[in-house]
Amino acid sequence: MNYKSTRNDNELVSASEAILRGLASDGGLYVPESIPKLSTSLDDMVNMSYQEVAYAVMKEFLTDFTETELKHCINSAYDSKFDTPVIAPLKAADGAHFLELFHGKTIAFKDMALSILPYLLTTSAKKNNVTNEIVILTATSGDTGKAALAGFADVPGTSIIVFYPKSGVSPIQEKQMVTQRGDNTYVVGITGNFDDAQTGVKNMFNDKELASEMNSKGYQFSSANSINIGRLVPQIVYYVYSYLGLVKEGTIKVGDKINVVVPTGNFGNILASYYAKGMGLPINKFICASNENKVLYDFFSTGIYDKNREFVLTSSPSMDILISSNLERLIYKIAGADAAKNLELMKSLNETGKYEITDAMKKELADFYGGYASEEDTAKIIAKIYENDNYIIDTHTAVAAHVYEQYVKDTNDTTPAVIASTASPYKFTRSVMNAIDSSYDSKGDFELVDELNRLSNVKVPEAIEDIRTAPVLHDVVVESEDMCKQVKKILDI
Ligand SMILES: *Cc1c(COP(=O)(O)O)cnc(C)c1O
């Protein structure tokens, strides 16, 4: 299996090379030449552990990894760092199945991929005889940053620099990042928003002069963002696993279809479910849920992607994104794997901030349903599910739950649905508690944590206990124009 850029057909690389590079040299994203089918039948997978499902899925994509290498990566990632041996449990509530993807070290779904990425990356470096130190450069809307820091902290041969929007993340998200330990970790706030951070990082990746300067000093960049195919492939696993879970509990039989509902920002998580369908998983609809930054909802309704609009700060900050990078992989696919066509649209996005797809491409999106939740909708559904089911979801998951409710009203489609539950409510305690009762707003962050514990009966995660008293170790803030300067300063080049 080789990988090629979404922007030209001439650069074929192996899986390990694609993981190492992060982004293709023409600014495109790496995609597999074709989506491989699962070679084990779903019937034969029903009783597999998470790690076994991970191997069955990932070996089809990472074909230049040996069985020993890949199993080592999987078993090192999905171990007791997760607070449950099933890794990603399903909880039934509100007429749907919540797939809890937040049982890892940093209590957001980013852990599902970022626990394994450091192993994939260091294995890839070895396979390709790379001797440079790998500098992970990451832009975060809040959750990727901490998950990547936790994954790469003190990993030999790597260092990690994370840029986050100084006033665009939750208090707990910020505290988690700025208290990160590890001699190879750097956390930098920027004065812009997430899109500014992501654009700054992409510019550094595309800067050939910077790359050669780095190389001469023994460094090279890679990415922990979901533009890296090494992030995407591990995310396919839990869709297959959740399907098997529904079979096991008797909700569906092998072959039955499910719907998936995904609270979406950069479009990585939902794209992974689309790849899962490509592998043969019976999925009916992909329900793409946005918050008030509803650029994707508008795209699915009109075929026009237009980022020229106000950037709204919401209670689901990890979805406050106007440029959904991974959508490029879908655009490429629905353009019939036509790199030239995709390049034309991405150029337009770059130059004018928008593009429009053709009618033929629109037809290829029939399996997608877009919806969005206002801030009020988000708060209401948190309160409703708490009152009816005694189950407390976070604000991002709430966006998905609201859109799913809308979808069912709209379509009467009662196909069993898996809702990707992307963060622990403890990560967004203030917004979650305010949704349940607005009088909580006067309390302190950690008082609210204890109150959430009382209401939910869910143990306070270690990730939260850890930051109650942890000292701030990172306090640098720069203008977004100065991101590159800051990187050079950190690396002393
Ligand atoms: C990153 C994130 C999302 C959005 O996922 P994408 O893959 O960027 O679409 C949703 N919810 C939470 C909690 C996240 O951290």
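Here, every reference points to the structure presented above.
Just so it is clear, the model here is predicted, and its values are computed rather than measured. The numbering scheme is per chain: residues are counted from 1 as the chain's sequence reads. Reporting of local features is limited, given that this is a predicted model, to residues whose pLDDT is at least 70; pairs of side-chain atoms are given and counted only at 80 or more, and all residues count toward the totals for whole chains, interfaces and linings. As a convention, hydrogens and water are excluded, and side-chain values are obtained from all of the structure's heavy atoms.

Q: Would you mind showing me how to read the pairing of strand E3 (residues 90-93) here?
A: When a strand is regular, its side chains alternate between the sheet's two faces. Alignment of E3 against strand E4 (residues 96-100), held across four bridges, turns out to be antiparallel. Paired with Ala93 across the bridge in E4 is Ala96. Each pair of strands is called paired provided DSSP finds at least two bridges between the two strands. Here a helix means four or more residues in a row that DSSP labels H or I, a strand means two or more in a row labelled E, and each is numbered from the N terminus.

Q: Got a minute to help me understand empty space enclosed by the protein in this structure?
A: A probe as big as a water molecule, rolled over the atoms, marks out the empty space that is left. Think of a 1 Å grid over the protein atoms and nothing else: a 1.4 Å probe that fits but is trapped marks a cavity, an open set flanked by protein within 12 Å on at least five of seven lines marks a pocket, and residues with an atom within 4 Å of a point count as lining. Grid points are joined across faces, edges and corners, and a volume is the space filled by probe spheres set on the points. Considering all chains together, one arrives at two cavities of 30 Å³ or more under this definition. The calculated volume of the largest cavity comes to roughly 260 Å³. Listed by contribution, the elements that provide at least two residues to the lining of the largest cavity are helix H7 (143-152), helix H11 (229-248), strand E9 (258-263) and helix H12 (268-278). Here the lining of the largest cavity gets three residues from one element, more than from any other, and that element is H12. Ten residues, namely Ala, Val, Leu, Ile, Met, Phe, Trp, Tyr, Cys and Pro, are considered nonpolar, four, namely Asp, Glu, Lys and Arg, are considered charged, and the remaining ones, Gly among them, are considered polar. Residue composition of the lining of the largest cavity, grouped by class: nine nonpolar, 14 polar and three charged. If you add up the space inside the second largest cavity, you get close to 50 Å³. The wall of the second largest cavity is formed by Thr264, Gly265, Ser290, Asn291, Asn293, Val295, Leu296, Met319, Ile321 and Ser324. Classifying every residue of the lining of the second largest cavity gives four nonpolar, six polar and no charged.

Q: Is there a simple way to think about the packing of aromatic side chains in this case?
A: Between two aromatic rings, the relevant description is the distance of the centres plus the angle of the planes. Here the aromatic set is Phe, Tyr and Trp, taking the six-membered ring for Trp, and pairing holds for ring centres within 6.5 Å; pairs whose planes are under 30 degrees apart are stacked, those over 60 apart are edge-to-face, and all others are tilted. One pass over the structure, following the stated rule, counts 19 aromatic pairs. Relative to Tyr391, the ring of Phe98 has its centre 5.5 Å away and its plane inclined at 65°; by these criteria the two rings are edge-to-face. You can see Phe98 sitting in strand E4 and its partner Tyr391 sitting in the loop between helix H17 (375-389) and helix H18 (395-411), a full 293 residues away along the chain. Take Phe98: its relative accessible area is 0%, and that puts it in the buried class. Judged by relative accessible area, Tyr391 falls into the buried class, the value being 13%. Ring centres of Tyr274 and Phe368 lie 5.6 Å apart, and the angle between their planes is 45°; on these two criteria the pair is classed as tilted. Separated by 94 residues along the polypeptide, Tyr274 in helix H12 and Phe368 in strand E13 (residues 368-372) bring together distant segments of the chain. Note on accessibility: Tyr274 and Phe368 belong to one class, buried. Among the aromatic side chains, those forming a connected cluster through ring pairs are Phe267, Tyr274, Phe286, Phe299, Phe300, Tyr305, Tyr355 and Phe368. Placement of a charge over a ring requires the Lys NZ or Arg CZ to be within 6 Å of the ring centre, with the centre-to-atom vector within 35 degrees of the ring normal. Residue placement shows Lys294 over the ring face of Tyr372; its charged tip is 5.3 Å from the ring centre. Each residue gets one of three labels from its accessible area relative to the maximum for its type: buried under 20%, exposed over 50%, partly exposed in between, using a 1.4 Å probe on protein chains only.

Q: Quick question: what am I supposed to make of the pattern of salt bridges here?
A: Once their charged atoms are close, side chains differing in charge can pair, the charge on each being opposite to the other. Each reported salt bridge corresponds to a side-chain nitrogen of Lys or Arg within 4 Å of a carboxyl oxygen of Asp or Glu. The tally for this structure, following the rule as stated, stands at 26 salt bridges. Of the charged contacts, one joins Lys71 and Glu67 as a salt bridge, the two residues approaching to 2.7 Å between their closest N and O atoms. Here the residue Lys71 and the residue Glu67 both occupy positions in helix H4 (residues 67-77), the gap between them amounting to four residues, near one helical turn. Judged by its relative accessible area of 33%, Lys71 is partly exposed. Judged by relative accessible area, Glu67 falls into the partly exposed class, the value being 45%. Ionic pairing is found between Asp143 and Lys427, a salt bridge with its closest N-O pair at 2.9 Å. Of the two residues, Asp143 sits in helix H7 while Lys427 sits in the loop between strand E14 (417-421) and helix H19 (429-436), which places them 284 residues apart along the sequence. As far as the burial class goes, Asp143 and Lys427 line up, both buried. Taken together, the shared-partner salt bridges connect Glu11, Glu17 and Arg21 into one network.

Q: I tried to follow the site of the ligand on my own but got confused; where do I start?
A: With respect to spatial proximity, 15 residues lie near the ligand, and among them Lys110, Asp143, Gly265, Asn266 and Thr422 are the closest. The definition of a polar contact used here is a pair of N or O atoms within 3.5 Å, where within protein one atom must be able to donate a hydrogen and the other to accept one, and adjacent residues in sequence count solely through side-chain atom pairs. Between the ligand and Gly265, the relevant distance is 2.8 Å, taken from an oxygen atom to a main-chain nitrogen or oxygen of the residue. The side chain of Thr422 places a nitrogen or oxygen atom 2.8 Å from a nitrogen atom of the ligand. All accessible areas in this document rest on Shrake-Rupley with a 1.4 Å probe, and a residue is counted as covered only by the protein chains that are shown. For the ligand, whose accessible area on its own is 380 Å², the fraction buried by protein is 98%. Pocket or cavity membership: a molecule qualifies when more than half of its atoms sit within 2 Å of the grid points of that site. Given that more than half its atoms are within 2 Å of the pocket grid, the ligand belongs to the largest cavity. Near residues are defined by distance, with any heavy atom within 4 Å of the molecule or strand qualifying the residue.

Q: Can you walk me through the packing of H17 against H18 in this structure?
A: Note on method: axes are straight lines fitted to C-alpha atoms, helices fitted across the in-contact stretch only, with angles between N-to-C directions ranging 0 to 180 degrees. Running from N to C, H17 and H18 point in directions that differ by 90°, and their axes come no closer than 8 Å. On the basis of the axis angle, H17 is roughly perpendicular to H18. In this structure, H17 uses Asp377, Thr378, Ile381, Ile382, Lys384 and Ile385 to contact H18, whose residues at the interface are Thr395, Ala398, Val399, Ala401, His402 and Glu405. Considering only residue class, the contact of H17 with H18 consists of six nonpolar, three polar and three charged. For this classification, under 35 degrees means roughly parallel, over 145 means roughly antiparallel, 65 to 115 means roughly perpendicular, and everything else is oblique. We call two residues in contact when some of their heavy atoms are within 4.5 Å.

Q: Explain the nonpolar core here, please?
A: One recurring pattern in soluble globular proteins: nonpolar side chains tend to sit buried together. Membership of the largest hydrophobic core comes to 110 residues, with the highest contact counts inside it found for Met58, Leu62, Phe267, Ile331 and Tyr355. Among the elements that make up this core, the one with the highest residue count is H11 (13 residues). Throughout this description, the term nonpolar core refers to a set of buried Ala, Val, Leu, Ile, Met, Phe, Trp, Tyr and Cys residues connected via side-chain atoms within 4.5 Å. Of all hydrophobic cores here, the second largest spans 44 residues; its members include Ile172, Ile287, Ile385 and Ile392.

Q: What should I look at first to understand unusual backbone geometry in this one?
A: Trans is the common state for peptide bonds, and a negative phi is the common state for residues other than glycine. In the Ramachandran plot, Asp154 falls in the positive-phi region, its phi being about 60° despite a non-glycine side chain. Within the element layout of this structure, Asp154 appears in the loop between H7 and strand E6 (158-165). According to the relative accessible area criterion, Asp154 is exposed, its value standing at 52%. With a phi angle near 60°, Asp492 is a residue other than glycine that sits in the positive phi range. Positionally, Asp492 belongs in the segment after helix H22 (483-491). On the accessibility criterion, Asp492 (68% relative accessible area) is exposed.

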